[in-house]
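Reading the structure
The residues making up each chain are set out below.
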Amino acid sequence: MELYLIRHGIAQVATSEMKDQERSLTEDGRKKTQKVAQRLKNLGLSFDLIATSPLVRAQQTAEILISTGLSSQLEECSYLAPEGSIQDWITQWLMSKKYPSSTRLGLVGHEPCLSNWAEILVWGEAKDSLVLKKAGTIGIETPPNGSLVGRCQMFWLTPPRYLL
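Bear in mind the structure is a predicted one, so any value in this text is a computation, not a measurement.

Right, let's get into the UniProt feature "binding site: substrate" (unreviewed entry) in the protein. Sites flagged by UniProt as "binding site: substrate" (unreviewed entry) map to Arg57. You can see arginine 57 is positioned in helix α2 (residues 56-67). What makes arginine 57 buried here is its relative accessible area of 4%. Other than its neighbours up to four places away in sequence, arginine 57 contacts His8, Ala11, Asp20, Arg23, Ser24, Leu25 and His110.

Here it is in structure tokens:
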């Protein structure tokens with residue numbers, strides 16, 4: 001299985017008047033995310049399913065990916081919210097779905113969660129060494145069976161500037 005960890009695009013700056021969950025993509029964030037999504041499509045990438053954090057900016061990013069034709073399936077996943085747990089995501093969400101090994105999943109979420117998830121999947125622990133820029137992508141291949149933690153292989157780390 002291939003997992004593509006995708007950070008949401010550029011969002012409104014947090015303020016005391018606005019809840020973090022309500023922050024939207026900026027106009028620039030929408031435009032850059034659309035360009036990145038189109039470039040991913042031009043590279044031949046597609047997803048069997050895009051799962052997204054319930055926060056507005058992640059949902060908007062996922063909708064842009066869907067509208068670009070990268071997938072036709074969208075699902076909200078609370079584990080992708082900033083307080084989400086990778087262990088819970090693996091045991092309660094991923095393993096319950098019984099995806100075939102050829103599945104490509106797009107996971108839209110936040111930092112530092114996504115970088116930490118990638119490090120845990122690849123190295124077995126979060127080392128705070130990876131940084132995923134807004135609208136950036138990390139590609140990870142999972143082993144065919146057994147535990148995922150520390151047994152996956154990263155094959156893609158792309159900042160958005162290389163896709164614009």
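Now, onward.
Moving on, we come to the sheet that holds strand β4 (residues 104-109). Strand order in this open sheet of six strands is β3-β2-β4-β1-β5-β6, and the pairing throughout is mixed. Every interior strand has two partners, whereas the edge strands, β3 (74-76) and β6 (153-158), have only one. Across the sheet, the axes of successive neighbouring strands diverge by a mean angle of 20°, strand direction being ignored. In the sheet, strand β2 (residues 49-52) pairs with β3 via three bridges, with the strands oriented parallel.

This part covers the pairing of strand β5 (residues 137-141). Of all five residues in β5, four are buried; the element is thus mostly enclosed. Across five bridges, the pairing between strand β1 (residues 2-7) and β5 is antiparallel. Bridging across to β5, tyrosine 4 finds its partner in glycine 139. Inspection of the sheet shows β5 paired to β6 by five bridges, in the antiparallel sense. Across the sheet, residue isoleucine 138 finds its bridge partner in β6, namely leucine 157.

Procedures and definitions
Here the residue numbers are simple positions, counted from 1 along each chain's written sequence. With the structure being a predicted model, the display of local features is reserved for residues of pLDDT at least 70 and the display and counting of side-chain atom pairs for 80 or more, all residues being used for whole-chain, interface and lining totals. Each side-chain value is derived from all of the structure's non-hydrogen atoms; neither hydrogens nor water enter the calculation. UniProt positions are given in the numbering used here, feature names are shortened, and annotations may be inferred rather than shown by experiment. Labels follow the DSSP assignment, with helices taken as runs of H or I lasting at least four residues and strands as runs of E lasting at least two, numbered in each case from the N terminus. Between buried and exposed lies partly exposed: a residue is buried under 20% and exposed over 50% of the maximum accessible area for its type, with that area taken using a 1.4 Å probe on protein chains only. Contacts were defined at the residue level, with two residues in contact if any of their heavy atoms lie within 4.5 Å. Strands pair, by our definition, only if DSSP identifies at least two bridges between them. Only the contacting stretch of a helix is used when fitting its axis, a line to C-alpha atoms as for every element, and angles between N-to-C directions run 0 to 180 degrees.

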